Amino acid sequence: MRESNGFLPDGARGRSAPIDCLVVLGTRPEVIKLWPVIRLARQRPGRFRVRLVATGQHRELLQAALDWAGLRADWNLDVMVPGQQPAALAARILERLDPVLAREQPDLVMVQGDTSTAWAAALAAFYRRIPVAHVEAGLRSGDRHHPFPEEAHRRMTAVLADYHFAPTAAARQALTAERVDPGRIFVTGNTVVDALHLVRERTGGQLKDPRLSALFQPGRRVILLTTHRRESWGERLRRAYLGIKAALDEVPDAHIVFPWHPNPAVREAAAVLKAHPRVHFLEPPPYPEFIEMLAL
């Protein structure tokens, strides 16, 4: 990640007080990808004052990610409910975030990616006339229904954002094709790469959980499996698991380590793998442990 060409919000140049930035996040991926940004900004207290709002879109996974990153939310909106649907989730975020914005009146609201949290927070800030900075801006699939609802979220957030931090030149090109002012687009690289390097520096390339070490034995053929996408829920995901089971039967020395997502739709479909002796189910591990498993 590069510092974005001396980026400062409108009206901030020449001022002596730090820029008051409210970072809104709600899921584990948002923590992972915003952690390097928050870390860098807090190393410059004369330029930035950073506070965090956790929406709690994914309650347990979010808190676990905040814990390993050493971050503490200044505000927790606690919006998660069982079986939540996107419309109701967005409504709760808007309702609970607006009083925080009214009280804090930050100079800038920062969001990341394409979650319900990102676009609802951008909309709440827009209603309060607070500038919005969008990290990982400009990603496009070309089909607003895939990924669903993320593709629509990222496009709508681009309309609301004042500053667009694009990970690649291609993302910048996608934004300019949508008539975003090129002067408000900053190509920074992808912050998840920075998070990856920071994690590797911390862990030293070692699995600290003995249960995970036992699964990754020398000489064992191991497949690390993750699945989640909303557009695959139901029969499509169940068929994918049946295909994985058939592949395992064809390769008798292969094992699958499966940190399965806590979403009930994923767990219901994954039931077809539960009895297989070479499928090892795990609760989602902390991000540093997951990175070390990938590296093995």
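For the structure, see preceding data.
The rules behind the values
- Residues numbered from 1 in each chain as written.
- Predicted model: local features only at pLDDT ≥ 70, side-chain atom pairs only at ≥ 80, totals over all residues.
- Heavy atoms only, no water.
- Pairing = 2+ DSSP bridges.
- Helix = DSSP H or I, 4+ residues; strand = E, 2+ residues; numbered from the N terminus.
- Axes fitted to C-alpha atoms, helices over the stretch in contact; angles between N-to-C directions.
- Buried < 20%, exposed > 50% of the residue type's maximum accessible area, 1.4 Å probe, protein only.
- Contact = heavy atoms within 4.5 Å.
- Expected span 1.5 Å × (residues − 1).
- Arc of directions from axis to C-beta.
- Polar contact = N/O pair within 3.5 Å; in protein donor to acceptor, adjacent residues only side chain to side chain.
- Salt bridge = Lys/Arg side-chain N within 4 Å of Asp/Glu carboxyl O.
- Right-handed = clockwise from strand over helix to strand, strands pointing away.

Chemist: Would you mind going over the sheet that holds strand 10 (residues 279–282) with me for this structure?
Modeler: Strand pairing in a sheet relies on backbone hydrogen bonds. The paired strands run either parallel or antiparallel. Pairing in this open sheet of three strands is parallel, and the strands run 8-9-10 from one edge to the other. Of all the strands in the sheet, just strand 8 (221–224) and strand 10 have a single pairing partner and so form its edges. Strand after strand, the sheet turns through a mean of 20° between neighbouring axes, direction not considered.

Chemist: Teacher, can you tell me more about the environment of threonine 176 here?
Modeler: Summarising the element assignment, threonine 176 is placed in helix 6 (residues 169–177). Owing to a relative accessible area of 31%, threonine 176 belongs among the partly exposed residues under this scheme. Once the C-alpha coordinates of threonine 176 and arginine 267 are considered, the two residues, 91 residues apart in sequence, prove to be 41 Å apart. Leave out the neighbours within four places in its chain, and threonine 176 touches Pro182 and Ile185.

Chemist: Where do I start with helix 7 (residues 191–203) in this structure?
Modeler: Within an α-helix, residues lying three or four positions from one another point in the same direction, as the helix has 3.6 residues per turn. Look at helix 7: 19 Å from first C-alpha to last across 13 residues, which is about the 18 Å you get at 1.5 Å a residue. Where helix 7 is concerned, the buried positions are Thr191, Asp194, Ala195, Leu198, Val199 and Thr203. Buried positions in helix 7, seen along its axis, are confined to an arc of 155° and lie on one side of it. Contacts from the buried residues of helix 7 go to helix 1 (28–42), helix 2 (59–69), strand 5 (132–135) and helix 11 (287–295). By the N-cap criterion, in which a side-chain oxygen at the helix start approaches the backbone nitrogen of a residue two or three places on, helix 7 is capped by asparagine 190, the distance to valine 192 being 3.0 Å.

Chemist: Whenever I open this one, the sheet that holds strand 7 (residues 185–187) confuses me. Can you help?
Modeler: Strands sit in the order 3-2-1-4-5-6-7 across an open sheet of seven strands; the sheet is parallel. At either end of the open sheet lies a strand with only one pairing partner, and these are strand 3 (75–76) and strand 7. One ladder, built from four bridges, connects strand 4 (residues 108–112) with strand 5; its direction is parallel. Considered in strand 5, the bridge of valine 109 is made with valine 132. Across the sheet, helix 4 (residues 116–127) lies against strand 1 (19–25), strand 4 and strand 5, angled at about 160° from strand 4, the strand it touches most.

Chemist: What is the right way to read the pattern of salt bridges from this model?
Modeler: Side-chain pairs of opposite charge can arise whenever the charged atoms involved come near each other. Considering all chains together, one arrives at 17 salt bridges under this definition. With its nearest N and O atoms 3.1 Å apart, the salt bridge here joins arginine 238 to glutamate 235. In this pair, arginine 238 and glutamate 235 both sit in helix 9 (residues 235–250), three residues apart, roughly one turn of the helix.

Chemist: Would you mind going over the environment of leucine 94 with me for this structure?
Modeler: On the secondary structure map, leucine 94 appears in helix 3 (residues 86–104). Taking the relative accessible area as the measure of exposure, leucine 94 reaches 24% and is therefore partly exposed. Between the C-alpha atoms of leucine 94 and valine 279, which are 185 residues apart in sequence, the distance is 41 Å. Among all residues touching leucine 94, those that are not within four sequence positions of it are Ala120, Leu123 and Ala124.

Chemist: I would appreciate a short explanation of the pairing of strand 8 in the present structure.
Modeler: The side chains of a regular strand alternate, first on one face of the sheet and then on the other. Two elements, strand 8 and strand 9 (residues 254–259), share four bridges in a ladder whose sense is parallel. Note on strand 9: the bridge partner recorded for leucine 224 is valine 257. This β-α-β element, strand 8 to helix 9 to strand 9, shows right-handed connectivity.

Chemist: Sorry if this is basic, but what is going on with the side chain of histidine 153 here?
Modeler: Tracing the sequence through the fold places histidine 153 in helix 5 (residues 150–160). Look at histidine 153 and you get buried, because its relative accessible area is 6%. In terms of polar contacts, histidine 153 uses its side chain to reach the backbone carbonyl oxygen of aspartate 114, at 2.9 Å. In this structure, histidine 153 is in contact with Asp114, Thr115, Ser116 and Trp119, ignoring residues within four places of it in sequence.

Chemist: Mind showing me how you'd approach unusual backbone geometry here?
Modeler: What you tend to see is this: most non-glycine residues have negative phi, and most peptide bonds are trans. The omega torsion across histidine 146 and proline 147 is -5°, close enough to zero to call that bond cis. The topology assignment puts proline 147 in the loop between strand 5 and helix 5. Put simply, phenylalanine 148 and proline 149 share a cis peptide bond, and its omega is 0°. With respect to the element layout, proline 149 can be found in the loop between strand 5 and helix 5. Of note, the phi angle at arginine 129 is positive, near 60°, even though the residue is not glycine. Positive phi, normally seen in glycine, also occurs at arginine 179, with a value near 70°. Among the secondary structure elements, arginine 179 is positioned in the loop between helix 6 and strand 7. The class of arginine 179 is exposed, set by a relative accessible area of 79%.

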